[in-house]
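Structure assessment
Now for the letters of each chain:
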Amino acid sequence: MIQSIPTKSSTRDKLLDDLRTVISDAETWVRQSGQLTGDELLAARDKMERTLRNAKDDLIRLSEPVVEKTKEAAKATDDFVHENPWKAVGIGAAVGLVVGLLIARK
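Residues numbered from 1 in each chain as written. Predicted model: local features only at pLDDT ≥ 70, side-chain atom pairs only at ≥ 80, totals over all residues. Heavy atoms only, no water.

1. Digging into the overall build of the chain
- Each helix and strand in the chain was counted, giving three helices and zero strands.
- Tracing the chain from N to C terminus, the helices and strands come up as α-α-α.
- Residues classed as buried in the chain amount to 9% of the 106 residues present.
- Accessible area of the chain: about 9,100 Å², with a carbon and sulfur share of 63%. (Helix = DSSP H or I, 4+ residues; strand = E, 2+ residues; numbered from the N terminus. Buried < 20%, exposed > 50% of the residue type's maximum accessible area, 1.4 Å probe, protein only. Areas by Shrake-Rupley, 256 points an atom, 1.4 Å probe, with all protein chains shown as cover.)

2. Comments concerning helix α2 (residues 38–83)
- With 46 residues, α2 extends 66 Å from end C-alpha to end C-alpha; this agrees with the ideal 68 Å at 1.5 Å per step.
- Along its length, α2 reaches its greatest deviation from straightness, about 30°, at Glu64, and the proline Pro65 lies no more than four positions downstream.
- Of the positions making up α2, those classed as buried are Ala44, Met48, Thr51, Ala55, Asp58 and Leu62. (Expected span 1.5 Å × (residues − 1). Bend = angle between axes of the 7 residues up to and from the residue.)

3. Section: the packing of α2 against helix α3 (residues 85–105)
- Relative to each other, α2 and α3 sit at 110°, their axes nearing to 5 Å. Accordingly, the angle class assigned to the pair α2 and α3 is roughly perpendicular. Residues Phe80, Val81, His82 and Glu83 of α2 form the contact with α3, whose participating residues are Pro85, Lys87, Ala88 and Ile91.
- Per-class residue counts for the contact of α2 with α3 are five nonpolar, one polar and two charged. (Axes fitted to C-alpha atoms, helices over the stretch in contact; angles between N-to-C directions. Parallel < 35°, antiparallel > 145°, perpendicular 65-115°, else oblique. Contact = heavy atoms within 4.5 Å. Nonpolar A, V, L, I, M, F, W, Y, C, P; charged D, E, K, R; others polar.)

4. A few points about the environment of Asp17
- Structurally, the position occupied by Asp17 is in helix α1 (residues 8–32).
- Since its relative accessible area comes to 42%, Asp17 is described here as partly exposed.
- The spacing of Asp17 and Ala55 is 38 residues in sequence and 9.2 Å in space, taken between C-alpha atoms.
- Side-chain polar atoms of Asp17 contact the side chain of Arg20, separated by 3.0 Å. (Polar contact = N/O pair within 3.5 Å; in protein donor to acceptor, adjacent residues only side chain to side chain.)

5. Topic: the confidence of the model for the chain
- Taken as a whole, the chain shows an average pLDDT of 81; of its residues, 88% reach a score of 70 or greater.
- Across the chain, α3 holds the top mean pLDDT of 92, while α1 sits lowest at 75. (pLDDT = per-residue confidence, 0-100.)

Written out as structure tokens, the structure is:
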């Protein structure tokens, strides 16, 4: 079975939709909390907790690929520095010089 890989925009859209749902549910709960009875208040609270839990789970699930890519980039950088220490020092010095010049211009 072929599993489709979510694109950055679809992932971002899903996360934004979840956050909008959380905000909408929270606003509704705050507006109605004074009018709700005991059972209605418990049901609204349960719905809010479910929505928050789902959004949190989605955020964790969607952040996993980012964490993996970051680990891969860190490993590649570490490998490069170990294989080419003088190039790494030169690149670091050049970046430092450029940043220093940009800061001094202001």
